[in-house]
Amino acid sequence: MIKYLGTRKTDEGAMLYVFLINGAEKQIRESALKQYPGCYEALPASVKARISANRAWLQKL
């Protein structure tokens, strides 16, 4: 079972996505979302849009 709980920012400004995975709370960085199957799919559409915008911005660099 995977449930999205929200986001948190680190002191360095990085975004962490907080999930409840099989009863344990996990904080996952955007770059590590693909290492946890089902987490990206559990994100709301607004968060997915923000991640897509971040990736598009990075590709322009």
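Attention here is on the structure that accompanies the text. (Residues numbered from 1 in each chain as written. Predicted model: local features only at pLDDT ≥ 70, side-chain atom pairs only at ≥ 80, totals over all residues. Heavy atoms only, no water.)

### Structural notes on the sheet that holds strand E2 (residues 15-21)
Pairing is antiparallel across the open sheet formed by three strands, whose spatial order is E1-E2-E3. A strand with exactly one partner marks an edge of an open sheet, and here the two such strands are strand E1 (2-9) and strand E3 (24-29). Strand-to-strand twist in this sheet, taken as the mean axis angle between neighbours without regard to direction, amounts to 25 degrees. Contacting E1 and E2, helix H2 (residues 45-60) crosses the sheet at an angle of about 140 degrees to E2. (Pairing = 2+ DSSP bridges. Helix = DSSP H or I, 4+ residues; strand = E, 2+ residues; numbered from the N terminus. Axes fitted to C-alpha atoms, helices over the stretch in contact; angles between N-to-C directions. Contact = heavy atoms within 4.5 Å.)

### Let's talk about the packing of aromatic side chains
Under the criterion given, the structure shown has one aromatic pair. Between Tyr4 and Phe19, the ring centres sit 5.7 Å apart and the planes meet at 65 degrees, which makes this aromatic pair edge-to-face. One end of the pair, Tyr4, is in strand E1; the other, Phe19, is in strand E2, with 15 residues separating them in the sequence. Residue Phe19 is classed as buried on the basis of its relative accessible area, which comes to 0%. (Phe/Tyr/Trp six-rings, centres within 6.5 Å; stacked < 30°, edge-to-face > 60°. Buried < 20%, exposed > 50% of the residue type's maximum accessible area, 1.4 Å probe, protein only.)

### Quick notes on the environment of Arg29
Tracing the chain through its elements places Arg29 in strand E3. Between the C-alpha atom of Arg29 and that of Tyr17, which follows or precedes it by 12 residues, the distance is 6.2 Å. Filtering out sequence-adjacent residues up to four positions away, Arg29 remains in contact with Thr10, Ala14, Met15, Leu16 and Tyr17.

### Some words on the pattern of salt bridges
Counting across every chain of the model gives one salt bridge. The closest approach of N and O atoms between Arg8 and Glu25, which form a salt bridge, is 3.2 Å. Residue Arg8 is located in strand E1, and its partner Glu25 is located in strand E3; the two are separated by 17 residues in the primary sequence. Classification of Arg8 as partly exposed rests on a relative accessible area of 39%. Its relative accessible area of 45% is what places Glu25 among the partly exposed residues. (Salt bridge = Lys/Arg side-chain N within 4 Å of Asp/Glu carboxyl O.)

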